[in-house]
Amino acid sequence: MTRTHRELFERYVHAGAISRDPEAIAALFTDDGEYEAPLVPEGHPLPRRLVGREAIRSGIGAYHREPAYQGTVDAAASGYVLHETADPDVFLVEIDTVLVAPTGQRTTVSLVQVFRVRAGRIAKLRDYFAPPPEVPSPPQPARGA
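These lines cover the structure that appears in this document, whether it is placed above or below. Since the structure is predicted, the reported quantities are computational estimates derived from the model, not experimental observations. (Residues numbered from 1 in each chain as written. Predicted model: local features only at pLDDT ≥ 70, side-chain atom pairs only at ≥ 80, totals over all residues. Heavy atoms only, no water.)

Turning next to unusual backbone geometry. In the Ramachandran plot, Arg 20 falls in the positive-phi region, its phi being about 50 degrees despite a non-glycine side chain. Mapped onto the elements, Arg 20 comes out in the loop between helix 1 (5–18) and helix 2 (22–27). In this structure, Ala 119 takes a positive phi of about 55 degrees despite not being glycine. Owing to a relative accessible area of 74%, Ala 119 belongs among the exposed residues under this scheme. (Helix = DSSP H or I, 4+ residues; strand = E, 2+ residues; numbered from the N terminus. Buried < 20%, exposed > 50% of the residue type's maximum accessible area, 1.4 Å probe, protein only.)

Set out below in structure tokens:
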């Protein structure tokens, strides 16, 4: 079954940002699929490049177990614009993701993703994002109070 670009992207978002399911993410890629995040800084928990389904599953799985951002995605407040290209196997997505910290603080992170597809699966994904800003932890009650 061949998915439209929109269907493929929405499945990717649900598997990643919403449900944080590395198995579902990896299943969307070709066997030799590539995931690249060229803007993440050195030492970031998500590797800059993952090649192959198993590397994608394990690399993204490790990142989801200890994400750099300790909050949730407000899917209703987030949005995207999908752009088709002259190449029928390539599409781009502009994304504004609204993150909600445990403190209730809201932050919008904007990013761009470039997808190359083959046979209805992601052959290469370049994820241009910078990690969201760190949110201070909520104040702790004073000891002995």
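All right, on to the pattern of salt bridges then. On inspection of all chains with the given rule, the structure shows twelve salt bridges. Ionic pairing is found between Arg 116 and Asp 87, a salt bridge with its closest N-O pair at 3.3 Å. Of this pair, Arg 116 sits in strand 6 (residues 106–118) while Asp 87 sits in the loop between strand 4 (79–84) and strand 5 (90–100), placing them 29 residues apart in sequence. Overall, Arg 116 belongs to the partly exposed group, its relative accessible area being 40%. A relative accessible area of 30% places Asp 87 in the partly exposed class. (Salt bridge = Lys/Arg side-chain N within 4 Å of Asp/Glu carboxyl O.)

A word on the nonpolar core. In terms of nonpolar packing, the biggest core is built from 28 residues, with Tyr 12, Phe 29, Tyr 35, Ile 56, Phe 115 and Ile 122 touching the most fellow members. Taken together, the elements giving at least two residues each to this core come down to helix 1, helix 2, strand 1 (29–36), helix 3 (53–65), strand 5, strand 6 and strand 7 (121–128). Among all residues touching Ile 56, those that are not within four sequence positions of it are Ile 25, Ala 26, Phe 29, Gly 33, Glu 34, Tyr 35, Leu 50 and Gly 61. (Core = buried A, V, L, I, M, F, W, Y, C linked by side-chain atoms within 4.5 Å. Contact = heavy atoms within 4.5 Å.)

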